[in-house]
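Given next are the chains, with one letter for each unit.
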Amino acid sequence: METESFYGVTLSEKEPIAQFDVPEIPEEYIVHSHKLIIKQISLGHEAKTGEFNVVQAETNAINEGEKKTVKIPIAVLKVGETRCLKPNVEFPNGSVTFKLIQGSGPVYVCGKAEMNFGEFDDGDGQMYEDYSDEEEEEEYDEVPQTNGKSNKKK
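So, how was this worked out
- All residue numbers here refer to positions counted from 1 along the written sequence of the relevant chain.
- Confidence filtering applies because this is a predicted model: local features only for residues at pLDDT of at least 70, side-chain atom pairs given and counted only at 80 or more, and all residues used for totals across whole chains, interfaces and linings.
- Side-chain metrics in this entry use all non-hydrogen atoms of the structure; hydrogen atoms and water are not considered.
- UniProt positions are given in the numbering used here, feature names are shortened, and annotations may be inferred rather than shown by experiment.
- By nonpolar core we mean a set of buried residues, namely Ala, Val, Leu, Ile, Met, Phe, Trp, Tyr and Cys, connected to one another through side-chain atoms within 4.5 Å.
- Exposure categories follow from relative accessible area, calculated using a 1.4 Å probe and restricted to protein chains: below 20% of the type maximum is buried, above 50% is exposed, and the middle band is partly exposed.
- Only DSSP runs of H or I covering at least 4 residues are called helices, and only runs of E covering at least 2 are called strands; the numbering of each starts at the N terminus.
- Think of a 1 Å grid over just the protein atoms. A cavity is a set of points where a 1.4 Å probe fits yet cannot get out, a pocket is an open set with protein on both sides within 12 Å along at least five of seven lines, and lining residues have an atom within 4 Å of a point.
- Grid points are joined across faces, edges and corners, and a volume is the space filled by probe spheres set on the points.
- Side-chain classes are defined by residue name, with Ala, Val, Leu, Ile, Met, Phe, Trp, Tyr, Cys and Pro counting as nonpolar, Asp, Glu, Lys and Arg as charged, and the others, Gly among them, as polar.

Per an unreviewed UniProt entry, the protein chain goes by the name Nucleoplasmin core domain-containing protein and belongs to Drosophila willistoni. For the protein chain, the Sequence similarities (unreviewed entry) comment in UniProt is given as "Belongs to the nucleoplasmin family." Per its UniProt entry, the protein chain bears the Subcellular location (unreviewed entry) comment "Nucleus".

This is how it looks when you write it as C-alpha cells:
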C-alpha cells in the first residue's frame, strides 16, 4: 500500500528554517520506503526587488558506510529573473531541513511525501501482503492508442 500526502512550508526572514521528519509508523507495518519529493519552489510576491533568495537542503547520506550530513542549495530565486522552479528533487528515507540562507523571502516549498507499506503483522506473528491490482491485469490483443487513433488489429 502506498500513501501520499501534501507537503508545504514557507521560509522567510522571521522563520528561515523548516524541518521535514518521517512520520511515526505503527509497529505492525513494515515500511519499504518513504521519501519527500519537492515539486515546486516559488518566490512570494512580497519579495524584495534585486535580492537573491537561496534555499538550502540539509539531509543525511550514507557514503561508504559512513553517515554524513549533506548541505546543498536547491534553489536560487530573484524578482524579475526566476520566481519559480520545478526541481523534482527526492529525499529518500530520512528527514530534511530547508533553510533560507540568503534573502528575506517569502519562499514557498511544496511537494509530496510518499510512503510505501509492504506487509502487515496482525499481532499473531503472521505477515500479510497488501493486495495489488497490478497482479490481476488481463492481457489484450489491442495495442495502446496513440495520437487519438486506434491501432486495433484487423
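Attention now goes to the nonpolar core. If you look at the biggest cluster of nonpolar residues, it comprises 23 residues, and the most contacted ones within it are L36, I41, F98 and V107. Secondary-structure elements contributing two or more residues to this core are β1 (2-11), β2 (17-20), β3 (29-43), β4 (52-63), β5 (66-78), β8 (96-102) and β9 (107-121). By residue number, the principal contributor to this core is β3, which donates four residues.

Of the pockets and cavities examined, the largest pocket occupies roughly 190 Å³. In terms of lining residues, the largest pocket is bounded by T59, N60, A61, I62, K67, E90, F91, P92, N93, G94 and S95. Sorting the residues of the lining of the largest pocket by element identifies β4 and β7 (89-92) as the ones contributing at least two each. Broken down by element, the residue count for the lining of the largest pocket peaks at four residues, all from β4. Considered class by class, the residues forming the lining of the largest pocket number four nonpolar, five polar and two charged.

Along the chain, N116 turns up in strand β9. Of the residues examined, N116 reaches a relative accessible area of 26% and is grouped as partly exposed. Once the C-alpha coordinates of N116 and E4 are considered, the two residues, 112 residues apart in sequence, prove to be 8.9 Å apart.

A few words now on unusual backbone geometry. Peptide bonds are, in most cases, trans, and in most cases residues other than glycine have a negative phi. Going from G105 to P106, the amide bond is cis rather than trans, its omega being 5 degrees. As for its position among the elements, P106 is in the loop between β8 and β9. Its identity is not glycine, yet N88 carries a phi of approximately 50 degrees, on the positive side. The topology assignment puts N88 in the loop between β6 (84-85) and β7. By relative accessible area, which is 44% here, N88 ends up partly exposed.

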